[in-house]
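Spelled out, the chains give:
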Amino acid sequence: MNDSFDVIVVGGGHAGTEAAAAAARMGAKTLLLTHKLETVGEMSCNPAIGGLAKGHLVREIDALDGVMARAIDRGGIQFRMLNQSKGPAVRGPRAQADRKLYRQAVQDILRETENLTQWAAAVEDLILADDNRVIGVKTADGRSIGAGAVVLTTGTFLRGLIHLGEQTWPAGRIDEAPALGLSVTLERLALRLGRLKTGTPARLDGRTIDWAGLEMQPGDDPPQPFSFLTDRITTPQIACGITYTTDQTHQIIRDNIHRSPMYSGQIQSVGPRYCPSVEDKIVRFADKERHQVFLEPEGLDDPTVYPNGISTSLPAEVQDALIHSIPGLEQVVILRPGYAIEYDFVDPRELRPSLEVQKAPGLFLAGQINGTTGYEEAGAQGLVAGVNAALLASGADRDDAFVPDRADGYLGVMIDDLVTLGTQEPYRMFTSRAEYRLLLRADNADLRLTPMGMEAGVISNARAAAFVAKREALDEARARMQALTATPKELAAAGLHVNQDGVRRSALDLFSYQTVTWQTLNTLWPELMEIPPAVAEQLEIEGRYAGYLNRQTTDIAAYRKDEGLSLPDDLDYATVGSLSAEIRLKLTNARPATLGAAARIPGMTPAALTALLGHVKKMKKSAA
Amino acid sequence: MSRPETIFALATAPGRAGVAVIRISGPQAGAALQALCGKLPKPRQAARVRFCDPLGGQPLDDGLALWFPAPGSFTGEDVAELQGHGGKAVIDSLLSALCTLPGLRPAEPGEFTRRAFENGKLDLTQAEGLADLINAETEAQHRQALRQMDGALARLFDGWRSDLIRHLAHLEAFIDFPDEPIPDHLDQAVRAGISALAGAMSAHLADGHRGERIRDGLYIAVVGAPNAGKSSLVNALARREAAIVSAAAGTTRDVIEVHLDLGGYPVILADTAGLREAAEEVEAEGIRRALQRAENADLRLAVFDAGLAPGWDQTTLALIDDRTEVILNKTETTSLPEDLRIAGRRPHRISAAGGQGMAGLLAALTDRVRSLLETQGAPALTRQRHRVALEECVESLQRSLTAPDLELMAEDLRLAARALGRITGRVEVDDLLDVIFRDFCIGK
Ligand SMILES: Cc1cc2nc3c(=O)[nH]c(=O)nc-3n(C[C@H](O)[C@H](O)[C@H](O)COP(=O)(O)OP(=O)(O)OC[C@H]3O[C@@H](n4cnc5c(N)ncnc54)[C@H](O)[C@@H]3O)c2cc1C
């Protein structure tokens, strides 16, 4: 070995940067290896962070002291809180990024991170011990570097193949070489690999867009930051334009549909349904007259514009024609055409909930390599993998892995979905995936996760101190509101009509009445005006959702009971009696970590679960 | 920590059996036992009891009750065991009665075993044996049971399921894709759909009164002219000891009611006053009531005196319809042609006094009662659970309509979907996503 580290992270994308930073925050001597140091933090596709559910993930990353929220707060040029008109549980922050500023912010944060070394190198292979334990990596330039744990976050690079019309060529992203050696390594480890597809639209020269006639969408004023630590956004803000496809656009696509690799059969892998190419939209929703196109500037001093909504892999000349048929884009100069990319991913059911590969101890996978799509999904996994890699390298027991569950956060929902159910299409987060959605809000990500992070040791002192202060203020204000009570008569005198049942209601209880606002409460109890706004907001949400949250708390207790029963890694399902062949196969593929996870596998029966439970209890007894 | 709910279920295989065992487990088990038998037996000792309806007080069955206080029980919780007659009607009435008690609900498949495990009460061999038993109640079999119900009913439930998924998916699309041009009126459309769905489910729950009939007994009125032999028919039927559950003399002079168990179903046989021209006012009132009973009965037995052929009693003839079985009594007194018809029907020929034809009549009646009361296929326990689940579903749907926020509305719909899923199989997130991506062009 030429060198040796506690943790090596391969890939400097969104998963890799979070993994490397998290491992380093944990105190592990960490090395980040990536093709090019200049592209660390590069946004391969849409220059935007957040959105519904994805924004929740970013807040969760921040709650665990990750990079992404702080970086977008520095690099964001248009912030919007989506679903502002709906309730707090389904509000999601989103920001348009200046691609360069964002990348710069990520690189700055990494540079400031202690214990972290970054080298440019292509990793070709893993070094395995006799028992399949991963103990290091080999680079293309011939170096062998030892590690206590390795995190692979190679994104779309594994045997990446770009499609542009009838042309195809191997690549990781446009103008970047694919990673071929690692796919072979993963195959050698006998991991199940699959293939997925994604795509990106052309890039336009914003100076040649006719903005005058277009609808413009400004950001929120003032912009709301992502990070719990950011006070306010200081980067200048811009607006995005909105335009629409036309009849002519649709006609051009229909006339050329046979030249789209998706329709000619050239691509057979599955793409994301929620991110359809424009040709998909026209074919599947033939009666829709027009489709929205958002024109999103890629930077403050960069003329490049990302036309969000017309991702395509049609040949360049067809893209040319269809783009020019869109209002505002008649004269536009196309900087580079859109394309589709196919890549290998590892069936995430090969992983433990810590994101460690079951068949290769010491190897962790995070990001697009696990079948997900999106920066936020990648970053959240990276963070969890980084923490666990550091824990493993430090000699911690696997039972003490850092595994947030479905009631802790969206990152728990995502990882559980991946490792127990696998995925058939690129996996993206939606709020509808979370059964405890009312609890898993963007506004309380810190309350949910920062304490867990503190316990694991991934939170910096500065954040821990800020968090503890906030929580104390909250507890104090809550206690105060519970102590302030009034009778129905007193409330009626203040213009608030509740049941005249003589029962005293606390200031907190009153939030369950839709008409009650802070203003109402402040008239009744002027002393409440002292509560700081961030704390006040939390209390209002708690009060409003109280009835529903109580029910969810009961559900969560039941859910956690099932999660409490872990199934051993080496459980041989062939030896469990009274399982049908089908269920045996499902269990063998998924290797659920807990009884609860087993129950979530579609087609599982109560009888099978009972048999499983019995088997495990017996094993534990005979082991004792 | 919330207190565990108290659960109950039929522990013996559903269907007709000599003895049916119902198990109750959880903190309310003792209270339930007391509510049903009026007392708590000595721990671990079988006691002969009469099970009565906790609400109305009417007797449901005679049997044995056992009481196993925690932790010395099968599940490690307080457990009560009711052993009753194996008849379907009896089981159903006991299960219905338990449903009405606070804090009790039908057990989910495997739940007893589950609790037993959690409290360290089972070893592996027991578990495997039980697993087979529980297998009969798996989700897949739920669906199968649903398919086995008559086609219309299965279509109904499947339709509800897809409606509910669609409404929820549309709402979720509205929530998860705020930048997408999803029509504004969608919200209204979803609301209208939900209230229609809740309405349809409520109507179904209220429908058929089958459940009540099973609980209270199918009402059969015996009508006919005086001396046609009504009373001897009722007596003859009641005299078949095996069938008797209880006999109580009527409290009014005009109707005598006899409780019978026909093929496991509870039946109330009402011997009405003879239909004839009333001599006095009191009797006229009696006849009026008799006619009213006959009118409201689930089934009528119209009794004719063979000796009076063909001068059939007109008032009785007027009562014959689809819900009527025509009976020709005293056939031993005359010989009438084989193909004799009364009001177009072939009568059951019997001699209530001599006993001829009674076995045949009893069999025919039992078939008729079964066809009226039986919901095809689905065992009683499953039906009971379906009802509870459906009620929960309706409740959630209704609450969703008054929810102040869209996400709370969605939350209620998710609860509704979960309740319905207990009948039709779980609604997975993928089901929702499928609808979202099918119905909306979403994504950039
Ligand atoms: C064409 C395209 C279209 C996309 N479209 C969308 C979309 O529409 N919506 C959406 O949400 N997401 C989209 N994405 C996905 C999004 O970019 C990714 O999900 C996200 O970037 C994944 O992050 P990651 O960290 O897993 O990988 P990446 O960001 O891909 O980073 C991988 C990193 O690993 C490095 N690397 C790879 N192999 C090696 C090696 N062997 N040695 C050293 N370094 C290596 C690479 O240089 C790169 O820096 C798209 C991506 C592409 C390429």
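Preceding this paragraph is the structure being described.
For the structure given in this document, a descriptive report is provided here. All values reported here derive from a predicted model rather than from experimental measurement. (Residues numbered from 1 in each chain as written. Chains lettered and ligands numbered in written order. Predicted model: local features only at pLDDT ≥ 70, side-chain atom pairs only at ≥ 80, totals over all residues. Heavy atoms only, no water.)

Moving on to the interface of chain A and chain B. Contacts between the two partners involve 55 residues from chain A, matched on the other side by 49 residues from chain B. Roughly 4600 Å² is buried in total at the junction of chain A and chain B, and carbon and sulfur atoms are behind 56% of that figure. Across the chain A-chain B interface, the total number found is two salt bridges. A:Arg437 is paired through a salt bridge with B:Glu172; the nearest N and O atoms lie 2.5 Å apart. The interface formed by chain A and chain B contains 12 residue pairs in polar contact (both at pLDDT 80 or more). (Contact = heavy atoms within 4.5 Å. Buried area = accessible area lost by both parts, 1.4 Å probe. Salt bridge = Lys/Arg side-chain N within 4 Å of Asp/Glu carboxyl O. Polar contact = N/O pair within 3.5 Å; in protein donor to acceptor, adjacent residues only side chain to side chain.)

With that settled, the discussion passes to the packing of helix H12 (residues 445–456) of chain A against helix H13 (residues 461–483) of chain A. Residues and elements named next belong to chain A. Relative to each other, H12 and H13 sit at 135°, their axes nearing to 11 Å. Between H12 and H13, the crossing angle belongs to the class labelled oblique. Crossing of H12 over H13 shows left-handed handedness. Contacts between H12 and H13 involve Asp-446, Leu-447, Thr-450, Pro-451 and Met-454 from the first element and Ala-464, Phe-467, Val-468, Lys-470, Arg-471 and Leu-474 from the second. Here the residues of the contact of H12 with H13 sort into seven nonpolar, one polar and three charged. (Axes fitted to C-alpha atoms, helices over the stretch in contact; angles between N-to-C directions. Helix = DSSP H or I, 4+ residues; strand = E, 2+ residues; numbered from the N terminus. Parallel < 35°, antiparallel > 145°, perpendicular 65-115°, else oblique. Left-handed = near helix turned anticlockwise from the far one by under 90°. Nonpolar A, V, L, I, M, F, W, Y, C, P; charged D, E, K, R; others polar.)

This part is about the sheet that holds strand E17 (residues 302–308) of chain A. Residue and element names in this part refer to chain A. Pairing is antiparallel across the open sheet formed by six strands, whose spatial order is E14-E15-E16-E17-E13-E18. Across the chains shown, the open sheet's two edge strands, defined by having one partner strand only, are strand E14 (215–217) and strand E18 (334–336). Between one strand and the next, the sheet's axes are offset by a mean angle of 35°, whatever the strand orientation. For strand E16 (residues 292–299) and E17, the ladder comprises five bridges, and the chain directions are antiparallel. For Gly-299, the partnering residue across the bridge sits in E17 and is Asp-302. (Pairing = 2+ DSSP bridges.)

Judged by nonpolar contacts, the single largest core of 102 residues is most densely connected at A:Ile8 and A:Leu363. Sorting elements by how many residues they give to this core places helix H10 (residues 375–393) of chain A first, with 11 residues. Residues contacting A:Leu363, with those up to four places away along its chain left out, are A:Leu126, A:Val134, A:Val150, A:Leu152, A:Leu186, A:Leu189, A:Leu355, A:Glu356 and A:Val357. Grouped together as the second largest cluster of nonpolar side chains are 49 residues, B:Trp160, B:Phe177, B:Met201 and B:Ile436 included. (Core = buried A, V, L, I, M, F, W, Y, C linked by side-chain atoms within 4.5 Å. Buried < 20%, exposed > 50% of the residue type's maximum accessible area, 1.4 Å probe, protein only.)

With that settled, consider the packing of aromatic side chains. All names here are of chain A. Overall, the coordinates contain six aromatic pairs over all chains when judged by the stated rule. Taken together, a centroid distance of 5.8 Å and an interplanar angle of 50° make the contact between Tyr-436 and Tyr-559 tilted. Note that Tyr-436 is positioned in the loop between helix H11 (410–421) and H12 and Tyr-559 in helix H16 (residues 533–563), a separation of 123 residues in sequence. Residue Tyr-559 is classed as buried on the basis of its relative accessible area of 9%. Its guanidinium or amino end placed over the ring of Phe-228, Arg-59 lies 5.5 Å from that ring's centre, counting from NZ or CZ. (Phe/Tyr/Trp six-rings, centres within 6.5 Å; stacked < 30°, edge-to-face > 60°. Lys NZ or Arg CZ within 6 Å of the ring centre and 35° of its normal.)

Turning our eyes to something else, we now look at the pairing of strand E8 (residues 134–139) of chain A. Taken residue by residue, a regular strand's side chains alternate between the two faces of the sheet. All names here are of chain A. As defined by bridge partners, strand E7 (residues 123–128) adjoins E8 across five bridges and the pair is classed as antiparallel. Bridge pairing in E8 places Leu-128 opposite Val-134. Between E7 and E8, which pair antiparallel and follow one another directly, the connecting turn spans five residues, one of which, Asn-132, has a positive phi of 75°. Relative to strand E9 (residues 144–152), E8 runs antiparallel, the two sharing three bridges. What sits directly across from Lys-138, in E9, is Ser-144. Taking the residues that link successive antiparallel strands as the turn, the E8-E9 hairpin has four residues, and the phi of Gly-142 there is positive, at about 90°.

Another point: the site of the ligand. Residues and elements named next belong to chain A. In the region of the ligand, 35 residues are neighbours, and Ala-15, His-35, Val-123, Gln-368 and Gly-374 sit closest. Thr-373 places a polar side-chain atom, nitrogen or oxygen, 3.0 Å from a nitrogen atom of the ligand. For the ligand, the accessible surface in isolation is 980 Å², of which the surrounding protein chains cover 96%. Listing elements by their share of the shell around the ligand, those giving two or more residues are helix H1 (14–25), strand E2 (30–34), strand E12 (193–200), strand E19 (339–346) and H10. (Near = heavy atom within 4 Å. Areas by Shrake-Rupley, 256 points an atom, 1.4 Å probe, with all protein chains shown as cover.)

Bringing unusual backbone geometry into the picture now. Across the junction of A:Asp221 and A:Pro222, the peptide omega takes the value 0°, indicating a cis bond. Topologically, A:Pro222 is positioned in the loop between E14 and strand E15 (240–244). Of the consecutive residues B:Ala70 and B:Pro71, the connecting peptide bond is found in the cis state with omega at 0°. Secondary-structure assignment places B:Pro71 in the loop between strand E4 (59–68) and strand E5 (79–85). Look at B:Ala343: it is not a glycine, yet its phi comes out positive at around 50°. Along the chain, the position of B:Ala343 falls in the loop between strand E12 (324–329) and strand E13 (348–349).

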